Amino acid sequence: MIEPEHMCKKCILLDGSLGVSVNASTGLCNYCEDPEYKTPSWWKTQITEEMRREGLKDWQQAIKRAQSRRGKHKYDCIVGYSGGKDSTALLWKMVNEYNLNPLAVTIDSGFIPETAFENVRDTLQKIHVDHVIIDSAKETFPKLYKWMFLHQDSEDRCLTTSMCEACSDLVHALVVKEALKQNIELILFGYSPDEIRRYFYEIPQHEIIEEWMPQFFWEDPFTKGDRSHFITQEEVKNHILPRILLPYHVVDYEEDKIVELVESKNLVKKGNSSTLKTSCHIIMAASFYDLNRYGIVPYALQFSELIRQDPTVRKKWVITMKQISPLIKQGKFNEQGFNFALEKMGMTKSQLSDLIQKQLDRDPNREKIIRNVKLFTSQRRRKRN
Ligand SMILES: [Zn+2]
């Protein structure tokens, strides 16, 4: 496999992109040379077997507790239900393996692909649970996204990462609101083990109140209405705060088995379990921004961390980068989704390109980034060895 000399020999980071430099004599990037390098506090790198074991024990107790309380409340828990394969499988398991009565909650941001909704409809014909779609923040999501595009100003952190975080905070807040309304004490999200980012297994309860709302929500163009989607101290005064658990972080998780489950039970149509078909449209616009701005696919830092933990997956990620980069660069990875997202935010592709250009021109690594953008996206192929 041909790899450029300015790609780290151990992970997939590129010299000059996302604040990374590759040491010419060792061939290693800053992160591979020094595990402490810029390790963000939100990125859980050290997940030990013991943490997993402890989590699993807690999960089994949480299930037992929910089972022992069956019938006391209308619902035993909430399952955050996006229509993707992971949350679909989680919903199925709660009903069929654990014999619980969950309320399925879908947050409609306005950016969810039709395939996800199709999956929701298909699944709910097979699993008989109550389901609510919350679309009360449909006006807030595009404002949030647009603000983040306009204010992205970092040399080492991609827009996609920051945006997914801010967006999931809003999603979590909306789900907690529903739990408070319905007196439900347990919320489950089907984040897969590689979606660890800031949290491992449990989202701390103290973060529920106000901490989730970004500071910029106090400024124009955000209104009281936008702020009202987050949880206030007042609202939780007479309530028990729900626990928010991410069970896939501690139970045995195998992607193939999840796909097999949702397809064999006819919960979703064959092929519709693909993450590419169910992930949110805004990711398409944010990836375009990141690749052209930073010269590397978003999440490269996270993928690299996974590679450091398990070097055998490196090849897979290098191949993936080579396949998707040329498409993302042009906004053609999922062109429909890309255009949809821009239109919803009231932006054009050329406005977006101007934004990128302005930020890029100020970046001391500008030349290297431009070289990196070309690396995986140029049409001409070097001779294979
Ligand atoms: Zn590295």
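Report follows, based on the coordinates.

This brings us to helix H2 (residues 49–68). For H2, spanning 20 residues, the distance from its first C-alpha to its last is 29 Å, which sits close to the expected 28 Å at 1.5 Å a residue. Every buried residue of H2 is accounted for by Gly55, Ile63 and Ala66. Seen end-on, H2 carries its buried residues on one side only, within an arc spanning 75°. Residues of H2 that are exposed and angled more than 90 degrees away from the buried face: Glu50, Arg53, Lys57, Gln60, Gln61, Lys64 and Ser68. Those residues of H2 hidden inside the fold are in contact with strand E1 (77–80) and strand E4 (186–189).

Right, let's talk about the sheet that holds strand E2 (residues 102–107) for a bit. Taken in spatial order, the six strands make up an open sheet running E3-E2-E1-E4-E6-E5, and their pairing is mixed. In the strand order of this sheet, the two ends are held by strand E3 (130–134) and strand E5 (202–203), each with one partner. Judged from the four bridges that link them, E1 and E2 form a sheet pairing that is parallel. Residue pairing across strands places Ile78 opposite Leu103, the latter belonging to E2. Along the sheet, helix H3 (residues 85–96) contacts E1, E2 and E4; its crossing angle with E1, the most-contacted strand, is approximately 155°. Against the sheet, helix H6 (residues 159–182) makes contact with E1, E2, E3, E4, E5 and strand E6 (243–245), and its axis sits at roughly 145° relative to E2, the strand it touches most.

Ranked by internal contacts, the top residues of the largest apolar core, which has 105 residues, are Cys77 and Ile78. Not counting residues within four places of it along the chain, the set of residues in contact with Ile78 comprises Pro102, Leu103, Val105, Val175, Glu178, Ala179, Ile184, Ile187 and Leu188.

This brings us to the packing of helix H13 (residues 314–330) against helix H16 (residues 366–377). Packing of H13 against H16 brings their axes to within 7 Å, and their N-to-C directions diverge by 115°. One finds that H13 runs roughly perpendicular with respect to H16. Contact with H13, carried on its side by Met321, Lys322, Ser325, Pro326 and Lys329, involves Val373, Phe376 and Thr377 of H16 and no other residues of that element. Here the contact of H13 with H16 is composed, by residue class, of four nonpolar, two polar and two charged.

Position of Leu241 among the secondary structure elements: in the loop between helix H8 (233–236) and E6. By the C-beta count within 10 Å, which is 15 here, Leu241 ends up partly exposed. Residues Leu241 and Val176 lie 65 residues apart in sequence; the distance between their C-alpha atoms is 8.4 Å. Residues contacting Leu241, with those up to four places away along its chain left out, are Gln205, Ile208 and Val236.

Our focus in this paragraph is helix H14 (residues 335–345). All of the buried residues along H14 are Gly337, Phe338, Ala341, Leu342 and Met345. Burial along H14 is one-sided: seen end-on, the buried residues are contained in an arc of 130°. In this structure, H14 carries Glu335, Gln336 and Glu343 as exposed residues pointing more than 90 degrees from its buried face. Packed against the buried residues of H14 are helix H5 (140–151), helix H11 (282–294) and helix H15 (349–362).

Parameters and conventions
Residues numbered from 1 in each chain as written. Predicted model: local features only at pLDDT ≥ 70, side-chain atom pairs only at ≥ 80, totals over all residues. Helix = DSSP H or I, 4+ residues; strand = E, 2+ residues; numbered from the N terminus. Expected span 1.5 Å × (residues − 1). Buried ≥ 20, exposed ≤ 12 C-beta atoms within 10 Å, placed from the backbone. Arc of directions from axis to C-beta. Contact = placed C-beta atoms within 7 Å. Pairing = 2+ DSSP bridges. Axes fitted to C-alpha atoms, helices over the stretch in contact; angles between N-to-C directions. Core = buried A, V, L, I, M, F, W, Y, C linked by C-beta atoms within 7 Å. Parallel < 35°, antiparallel > 145°, perpendicular 65-115°, else oblique. Nonpolar A, V, L, I, M, F, W, Y, C, P; charged D, E, K, R; others polar.

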